[in-house]
Amino acid sequence: MPRYRDEQWRDSMRVRLDYNNMMTDFLGERGIDPADVQGLLPRLNDALTELARKRENGETAWRDLPTNQETVVKKIEKIADEIRDSFDTFVVLGIGGSALGPIAVQQALNHPHYNELADEDREGPRLYVVDNIDPEKMQALWDVVDPEATCFNVITKSGSTSETMSQFLIVSDLLKDMVGEGWQEHIVATTDAEKGNLIKIARQEGFTTLVVPDGVGGRFSELCPVGLLPAAVCGIDIRELLSGAAYMDEFCSELDPAKNPAAMAAALQYIAMGSGKNISVMMPYADSLRYVAAWYAQLWAESLGKKVDVDGNVVNAGQTPVAALGVTDQHSQVQLYTEGPYDKVITFLTVDEYRDTHYIPSGYEDIPAVSFLGGHTLDGLIQAEQAATEYALTKAGRLNRTIRLPEVNAFTIGQLLYLMEVETAVTGELLCINTYDQPGVEEGKNATYALMGRPGYEEKKKELDSRPQKKDQYIL
């Protein structure tokens, strides 16, 4: 029996939210008064009820990904097996959530130097994620990848993402030249089932395809084929990942906010925003979780950063996310966090049991400032550093909270991603904004289309051409 079906093991792996250091009990007047939380409960209850309604009506399809993909998972596992048997490299072509999610899960659950391991020491092909259109980076890929031995996963729901489709055009042209007949077997397309350009191309060329479900936007897509195929190809147990998300869903579906970690996390962030805390710092104390912070930054920024609310009122909502890394950024950012403006909420991601330990040898007994380290472990040291930073921030009256993982595994990562997604959704409801659109991003996309000559964007090109010309006097 898989361990994630063992109730006792599941409960031992529960990810928990510790928000003690958000409250006046620990921060004094700089903290959040429990009475303010109590006063928000009617709105919070309404938010949870509305989210439940949206889920019932199929408006938040990402909520059901942990439990409704059995057929999809079987297909993904079959494709992943075929890729492992046929290719020594797997390249994801994507941007935004299509790239950040796969990177975050790979970094969390596989060896930190996965690609450098010998073939027999890896669970699958080498993985590269081409998440930008920098020409130097694209060209550099061919210095380490043999296209003839590589499978490319093109991910774009719309099929009109300029960055991803430009990557696809480069790759397909190269494959046609180097592989010739059968080049299509090197492509897996992850896209919409019916709409968009990529599904048309995939059907025309006969690519293997996987579907991004309706109602699942890019930043909420890691638990669908967007993220599940790269994970499965690299040997990650995607069933355990989904099981962890389903387990967290049990708590995040509670209508009682006191039992719902996502609701309580959202309520506290909302109250913090109302008192000028417009920066949210995500600071994992594990290198494996470093890119979870980067994934969170897109989720939080793109979902909550909105000019208008659902009634059309200008609100300029949102909280700026910052990704940090403990202990590295104790030496670059924490000075600001402890003594700078009172405008931040710091979230620590901590791990109770690391997957490895490393003892620090004794030495230099005549230098006490060095010798005291002997006999300790690196995992003990990093945990002490986190506790010390938490203490320093709390002493300085800085809002901070901790999300605790018993250990880093597929089950706890599934929980963590799902918890953050639901927290974002609840916060969006409290802010009365549309959590799932991104009009600010679309404006930039449309301007890019116009500048690159895409048909249908002639008026936007005229608008761009009429913009004020820059003045030389302001260029040094």
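For the structure itself, consult the block above.
Let me begin by describing the structure that accompanies this report. Owing to the predicted nature of the structure, the values given are computational and were not obtained by experimental measurement.

Some thoughts on the overall build of the protein
Thought 1: When you go through the protein residue by residue, the secondary structure sums to 18 helices and 12 strands.
Thought 2: The C-alpha atoms of the protein give 24 Å as radius of gyration, which agrees with the globular expectation for 476 residues (23 Å, within 12%).
Thought 3: Across its three principal axes, the protein shows a C-alpha extent of roughly 65 × 60 × 60 Å.
Thought 4: In the protein, which comprises 476 residues, the proportion classed as buried is 50%.
Thought 5: Nonlocal contacts in the protein, meaning residues at least 24 apart in sequence, comprise 74% of its contacts between residues at least 6 apart.
Thought 6: Surface summary for the protein: the accessible area is close to 22800 Å², and the carbon and sulfur share equals 50%.
Thought 7: In the protein, 44 positive and 73 negative side-chain charges are present, and the distance between their average locations comes to 6 Å.

Quick notes on the packing of aromatic side chains
Thought 1: Considering all chains together, one arrives at 12 aromatic pairs under this definition.
Thought 2: On the numbers, 6.3 Å between centres and 55° between planes, the contact of W62 with Y418 is tilted. Taken together, the residues W62 in the loop between α3 (34-56) and α4 (70-86) and Y418 in helix α16 (residues 410-431) connect sequence positions 356 residues apart.
Thought 3: Sitting over the face of the ring of F251, R14 holds its NZ or CZ atom 3.7 Å from the ring centroid.
Thought 4: When the ring centre of Y342 is taken as origin, the NZ or CZ atom of R398, which lies over that ring, is 3.7 Å away.

Describing the pairing of strand β3 (residues 126-130)
Thought 1: In terms of burial, β3 is largely enclosed, as four of its five residues are buried.
Thought 2: Pairing geometry for strand β2 (residues 89-93) and β3, over five bridges, is parallel. Of the residues in β3, the one forming a bridge with T89 is R126.
Thought 3: The parallel pair β2 and β3 is bridged by helix α5 (residues 97-109), and the resulting crossover is right-handed.

Describing the pattern of salt bridges
Thought 1: Enumeration according to the criterion identifies 26 salt bridges in this entry.
Thought 2: Residue D465 pairs with K461 through a salt bridge whose shortest N-O separation is 2.9 Å. Placement of the pair is D465 and K461 together in helix α18 (residues 458-465), with a separation of four residues, close to one helical turn.
Thought 3: According to the relative accessible area criterion, K461 is partly exposed, its value standing at 29%.
Thought 4: Three or more residues are tied together by salt bridges with common partners; here these are R55, R63, D64 and D249.

Considering the packing of α5 against helix α12 (residues 290-304)
Thought 1: Taken N-terminus to C-terminus, the directions of α5 and α12 make an angle of 155°; their axes are 8 Å apart at the nearest point. On the basis of their axis angle, the class for α5 and α12 is roughly antiparallel. In the crossing of α5 with α12, the sense of the turn from one axis to the other is left-handed. Contact with α5, carried on its side by G97, L100, G101, I103, A104 and Q107, involves Y291, V292, A294, W295 and Q298 of α12 and no other residues of that element.

Some thoughts on the sheet that holds strand β5 (residues 187-191)
Thought 1: With respect to topology, five strands assemble into an open sheet ordered β3-β2-β4-β5-β6, the strand pairing being parallel. Each edge of the open sheet is held by one strand with a lone partner, namely β3 and β6 (208-211). With strand direction ignored, the average angle separating the axes of adjacent strands in the sheet is 20°.
Thought 2: Of the strand pairs in this sheet, β5 and β6 are connected by four bridges, and their pairing is parallel. Residue pairing across strands places T191 opposite V211, the latter belonging to β6.
Thought 3: Contacts from α4 reach β2, β4 (150-155), β5 and β6, with the element oriented near 145° to β6.

Things to note about the packing of α4 against helix α10 (residues 238-252)
Thought 1: The contact between α4 and α10 brings their axes to 11 Å, and the two run at 150°. In terms of orientation, α4 and α10 fall into the roughly antiparallel class. The segment α4 lies against α10, with E70, V73, K74, I76 and E77 engaging I238, R239 and L242.

Some thoughts on the side chain of T191
Thought 1: Inspection of the secondary structure assignment puts T191 in strand β5.
Thought 2: Look at T191 and you get buried, because its relative accessible area is 1%.
Thought 3: Polar side-chain contacts of T191 include one of 3.0 Å to the backbone oxygen of K157.

Observations concerning the sheet that holds strand β10 (residues 320-323)
Strands in a sheet are paired, the pairing made by backbone hydrogen bonds, and the direction either parallel or antiparallel.
Thought 1: Pairing within the open sheet is mixed, and its five strands lie in the order β1-β12-β11-β7-β10. Bordering the open sheet on either side are β1 (16-18) and β10, each of which pairs with just one other strand. Pairwise comparison of adjacent strand axes, ignoring direction, gives a mean angle of 20° for this sheet.
Thought 2: Looking at chain direction, strand β7 (residues 279-284) and β10 are connected through four bridges and run parallel. Its bridge partner lying in β10, M282 is registered against A323.

Scoring rules and cut-offs
- Residues numbered from 1 in each chain as written.
- Predicted model: local features only at pLDDT ≥ 70, side-chain atom pairs only at ≥ 80, totals over all residues.
- Heavy atoms only, no water.
- Helix = DSSP H or I, 4+ residues; strand = E, 2+ residues; numbered from the N terminus.
- Rg over C-alpha atoms; globule rule 2.2 N^0.38 Å.
- Buried < 20%, exposed > 50% of the residue type's maximum accessible area, 1.4 Å probe, protein only.
- Contact = heavy atoms within 4.5 Å.
- Areas by Shrake-Rupley, 256 points an atom, 1.4 Å probe, with all protein chains shown as cover.
- Lys, Arg positive; Asp, Glu negative; His and termini not counted.
- Charge placed at Lys NZ, Arg CZ, Asp CG, Glu CD.
- Phe/Tyr/Trp six-rings, centres within 6.5 Å; stacked < 30°, edge-to-face > 60°.
- Lys NZ or Arg CZ within 6 Å of the ring centre and 35° of its normal.
- Pairing = 2+ DSSP bridges.
- Right-handed = clockwise from strand over helix to strand, strands pointing away.
- Salt bridge = Lys/Arg side-chain N within 4 Å of Asp/Glu carboxyl O.
- Axes fitted to C-alpha atoms, helices over the stretch in contact; angles between N-to-C directions.
- Parallel < 35°, antiparallel > 145°, perpendicular 65-115°, else oblique.
- Left-handed = near helix turned anticlockwise from the far one by under 90°.
- Polar contact = N/O pair within 3.5 Å; in protein donor to acceptor, adjacent residues only side chain to side chain.

In short, shape yes, function no, at least from these values alone.
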